[in-house]
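Here are the chains, one letter per residue:
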Amino acid sequence: MTQLFRILIVDDNANNRFTLKSVLTRLDNCQTQEAASGDEALVAVIEHQIDLILLDIQMPGLDGFETARHLKMSARTRDIPIIFVTAVFKAEEFIRKGYKVGAIDYLTKPIDDNQLINRIQLYQRLFQRERHVRDALNALQEKERQLQKINQELDQRVQQRTHSLKLKNQHLEQEIQERKRVGNALKHAMKKAEAANKAKSEFLATMSHEIRTPMNVVIGMSDLLLDSTLDGEQKQFAEVLQNAGRSLLDLINDILDLSRIEAGQVDLSPTPFQAAKLVQQVVEILEIKAAENGIHLSCEIAEDVPESVYGDNSRIRQILVNLVGNAVKFTEQGSVTIQLSYHHTDVHQLNFVVKDTGIGIDKKHLDSIFNMFSQADSSVSRRYGGSGLGLTISSRLVGLMGGSIRVESTLGKGSAFYFSVPVHLADRVDIPAESPETKPRSGEAVKALHILLVEDSPDNQLLIKTYLKKTPHTLDIVSNGVEALKTMINNHDTLDLVLMDIQMPVMDGYAATRAIRKWEKDESRDSLPVLALTAFALEEEKQKCLAVGCNEHMTKPIRKKILMDMIAQFS
Ligand code: ADP
């Protein structure tokens, strides 16, 4: 858009002003202002927007030069272009002075109209161009300002974002530290708890071992008492004593078993076995007890159960005996049924169900029934007896085997315990044949044996001595491994059997057996049968005894009949 060009004509002579003004009307977009003196000119430039001044030099009052000097002094008016108008004869002198005070051009009087118009048009164009440049510059500056503002805002936002990110980072860092701390504390607590649990288990194992030894004597002595001539009341007392001893022993066995499971000391010993046979054996074991209670015990075995499987049969038997034992115990009439089925998807699985028509379990006790020392009802446990550990041991063993266990029960109607264990399929040939020697040859004439008993406890010595009193066997007794080794070497030819206690002072049963086996080998002697007597009823214990060279293993408390049958094997 073309801008209006405003010219201030400063001349003391009204005719001159009029002439200039008339000439300038020929210009487009041009507007003129007039001032009759330098002073008027200075006022006009303040009041109006002026783009060019035509300034006469010779004027009364402020002349052109002084007016120009004043104009140059103020920032507002400093840049207004000034064209001096002067008489031709004065031109030389005025021109020099004029430029000095800031004139850009000059015109001489009398004014040549065309020259005036041309000049002014030139300045007008320059002015327009300058305006354009200035506008563009302003626009540019405005853009730059906006850009700067945006930049600043952006900067601010980045700063804020960085700050909040920093805070978040700090927070995250704190959280990581906190988690690390909690994790460490947890690990520490776990370690402490594990150590405490292990200490507890070890304590329980030691305690139960210590209790088993005198218990062995109590049960053994009551056995002997019952074998002697007693009147009715004495017999009853002895039976009570024996029953109490047996329950205590069961409890100790359970505690020992559980503490070893808890301490992670129980390893599974998988062997090939026949699952159906195992179920039948459990029925055989508990049949008599069931019959005494007047209930029917039976089993149902699915047709597709594989003949031979590979798993820890002694642990499966333990669980089954426990569940069926409970079922028989808690059923006063009706029946107990064991079901065995087989399932195969990714793994081969044996599924056992033990169902009874017994007293059932209250719903509120069902969830805790597998917890330690949990009995559905204390009045029930008083009536039926039991420690409340059997189900805990069973569920831990099932867990150890990677299986699962659960119960369904209705109070007054009966219960059903379900458990499943994974097994592998075994070849039929894998099943170890039952050796005829392991079967006691009862009823046969007993050969007199020379037996050496290695036992540190005088009570146990007395017990075994009494067991063998009325037999044809002769018994030598020593109380530690060193003495045993000496006697075994000296009497190797005449000895028939060694009953070797394992836990003994000076030299234990393992070391003594190992030493005698070495001696026999070095001397090329036949090996003397050694029967280990241990306090632990555990498979590992048995394996350890067999590994050092014992021929058999017996768990204390030693029952008379079992000992006799075992001795008979070696006669
Ligand atoms: P206990 O030695 O007391 O039998 P268990 O751990 O084997 O210990 O069983 C815990 C409790 O669960 C029992 O005391 C009894 O209250 C309940 N229980 C277990 N089996 C049965 C069952 N077949 N019928 C009814 N109650 C049962």
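Residues numbered from 1 in each chain as written. Predicted model: local features only at pLDDT ≥ 70, side-chain atom pairs only at ≥ 80, totals over all residues. Heavy atoms only, no water.

Glancing now at the packing of helix α8 (residues 313-329) against helix α11 (residues 390-400). Here α8 crosses α11 at 145 degrees, and the two axes come no closer than 10 Å. Seen along the crossing, α8 lies across α11 with a hand that is left-handed. Contacts from R315, Q318, I319, N322, L323 and N326 of α8 reach α11 at G390, L391, I393, S394, L397 and V398. (Axes fitted to C-alpha atoms, helices over the stretch in contact; angles between N-to-C directions. Helix = DSSP H or I, 4+ residues; strand = E, 2+ residues; numbered from the N terminus. Left-handed = near helix turned anticlockwise from the far one by under 90°. Contact = heavy atoms within 4.5 Å.)

Glancing now at a nonpolar patch on the surface. On the surface, a cluster of nonpolar side chains totalling about 270 Å² of accessible area is made up of I150, L154 and V158. Relative to the elements of secondary structure, L154 occurs in helix α5 (residues 113-227). Residue class for L154 comes out partly exposed when judged on its relative accessible area of 46%. (Patch = residues over 30% accessible without salt bridge, like charges linked within 9 Å, V, L, I, M, F, W, Y side chains within 5 Å. Areas by Shrake-Rupley, 256 points an atom, 1.4 Å probe, with all protein chains shown as cover. Salt bridge = Lys/Arg side-chain N within 4 Å of Asp/Glu carboxyl O. Buried < 20%, exposed > 50% of the residue type's maximum accessible area, 1.4 Å probe, protein only.)

Here we come to the sheet that holds strand β16 (residues 530-534). The five strands lie next to each other as β14-β13-β15-β16-β17, forming an open sheet whose pairing is parallel. Taken across any chain shown, the strands that pair with only one partner, and hence form the sheet edges, are β14 (474-478) and β17 (552-555). Adjacent strand axes in the sheet meet at a mean angle of 20 degrees when their direction is disregarded. Here four bridges tie strand β15 (residues 497-501) to β16, and the two strands are oriented parallel to one another. When the bridges of β16 are listed, M500 appears paired with A532. Across the face of the sheet, helix α13 (residues 481-490) comes into contact with β13 (450-454), β14 and β15 while running at roughly 165 degrees to β13. Packed onto the sheet, helix α14 (residues 509-522) meets β15 and β16 and runs at close to 145 degrees relative to β15. (Pairing = 2+ DSSP bridges.)

Each pair of packed helices can be described by the angle between their axes along with the distance between the axes. Two elements in contact, α5 and helix α6 (residues 232-262), have axes whose closest approach is 8 Å; the angle formed by their N-to-C orientations is 160 degrees. One finds that α5 runs roughly antiparallel with respect to α6. The element α5 and its partner α6 pack so that their crossing is left-handed. Looking at the contact of α5 with α6, its residues break down into 14 nonpolar, eight polar and seven charged. (Parallel < 35°, antiparallel > 145°, perpendicular 65-115°, else oblique. Nonpolar A, V, L, I, M, F, W, Y, C, P; charged D, E, K, R; others polar.)

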